[in-house]
Amino acid sequence: MIMRVMGEGQFEVGDAHLNRLNELDEELLAALESGDEDHFRRALGQLLSAVKEHGSPLPDDSLEPSDLILPNADATIDEVRLLLRAEGDGLIPGIPE
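What you are looking at is a predicted structure, and each value in this text was computed from that prediction instead of being measured.

1. Description of the nonpolar core
Logical step 1: Within the largest apolar cluster, 24 residues are counted, with the highest numbers of intra-cluster contacts made by Met-3, Leu-21, Leu-28, Phe-40 and Val-51.
Logical step 2: For this core, the secondary-structure elements that each account for two or more residues are β1 (2–5), β2 (9–13), α1 (18–34), α2 (37–54), β4 (68–70) and α3 (77–87).

2. Overview of the sheet that holds β2
Logical step 1: On the basis of which strands lie adjacent, the open sheet formed by four strands has the order β3-β2-β1-β4 and mixed pairing. Here the strands that pair on one side only, and so sit at the sheet edges, are β3 (55–57) and β4. Within this sheet the neighbouring strands show an average axis-to-axis angle of 35°, counted without direction.
Logical step 2: Along the sheet, α2 makes contact with β1, β2, β3 and β4, crossing β3 at roughly 75°.

3. Side note on the pattern of salt bridges
Logical step 1: Following the criterion strictly, the structure yields four salt bridges and no others.
Logical step 2: For the salt bridge of Glu-23 with Arg-20, the shortest nitrogen-to-oxygen distance reads 3.1 Å. Remark: Arg-20 and Glu-23 occur in helix α1; sequence separation between them is three residues, near one turn of the helix.
Logical step 3: Of the charged contacts, one joins Glu-37 and Arg-41 as a salt bridge, the two residues approaching to 3.1 Å between their closest N and O atoms. You can see Glu-37 and its partner Arg-41 sitting in helix α2, four residues apart, about one turn around the helix.
Logical step 4: Here Glu-37 falls in the partly exposed class, since its relative accessible area comes to 39%.

4. Topic: α1
Logical step 1: Between its terminal C-alpha atoms α1 stretches 24 Å, which fits the 24 Å expected from 17 residues at 1.5 Å a residue.
Logical step 2: What α1 keeps buried is the set Leu-18, Leu-21, Asn-22, Leu-24, Asp-25, Leu-28, Leu-29, Ala-31 and Leu-32.
Logical step 3: Backbone geometry just after α1 places Gly-35 at a positive phi near 75°.

5. Focus on α2
Logical step 1: Taking 1.5 Å per residue, 18 residues should reach 26 Å; α2 reaches 26 Å between its end C-alpha atoms and fits that length.
Logical step 2: Three or more residues of α2 are buried, namely His-39, Phe-40, Ala-43, Leu-44, Leu-47, Leu-48, Ala-50 and Val-51. Along the axis of α2, the buried positions cluster into a sector of 155°, meaning they face one direction only. The exposed residues of α2 that point more than 90 degrees off its buried face are Asp-38 and Glu-53.
Logical step 3: Between the side-chain oxygen at the start of α2 and the backbone nitrogen of Asp-38 there is a gap of 2.9 Å, and the oxygen is on Asp-36.

Calculation rules
- Residues numbered from 1 in each chain as written.
- Predicted model: local features only at pLDDT ≥ 70, side-chain atom pairs only at ≥ 80, totals over all residues.
- Heavy atoms only, no water.
- Core = buried A, V, L, I, M, F, W, Y, C linked by side-chain atoms within 4.5 Å.
- Buried < 20%, exposed > 50% of the residue type's maximum accessible area, 1.4 Å probe, protein only.
- Helix = DSSP H or I, 4+ residues; strand = E, 2+ residues; numbered from the N terminus.
- Pairing = 2+ DSSP bridges.
- Axes fitted to C-alpha atoms, helices over the stretch in contact; angles between N-to-C directions.
- Contact = heavy atoms within 4.5 Å.
- Salt bridge = Lys/Arg side-chain N within 4 Å of Asp/Glu carboxyl O.
- Expected span 1.5 Å × (residues − 1).
- Arc of directions from axis to C-beta.
- Polar contact = N/O pair within 3.5 Å; in protein donor to acceptor, adjacent residues only side chain to side chain.

These figures come from the coordinates and say nothing about function on their own.
In structure tokens, the structure reads:
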């Protein structure tokens, strides 16, 4: 799956890592619901770090379409809430069982 981190580029992440990313996405959703800025910053940072850790960066000149778009680390709670409204249940899609 190709994930774009806004302002940072694209990362190809294998399906084997999606369950962990979903866990981090759930944590981010909980932080958004609580409105706790520190919790939100920590959860967003962990999600983006995991994408970069488990993903392989694509070259800047790559024209691959992104399967999903993630906010950058500087995004505000309100910006992420707006993005979630557009995406649906979370930022990271679940894996069908």
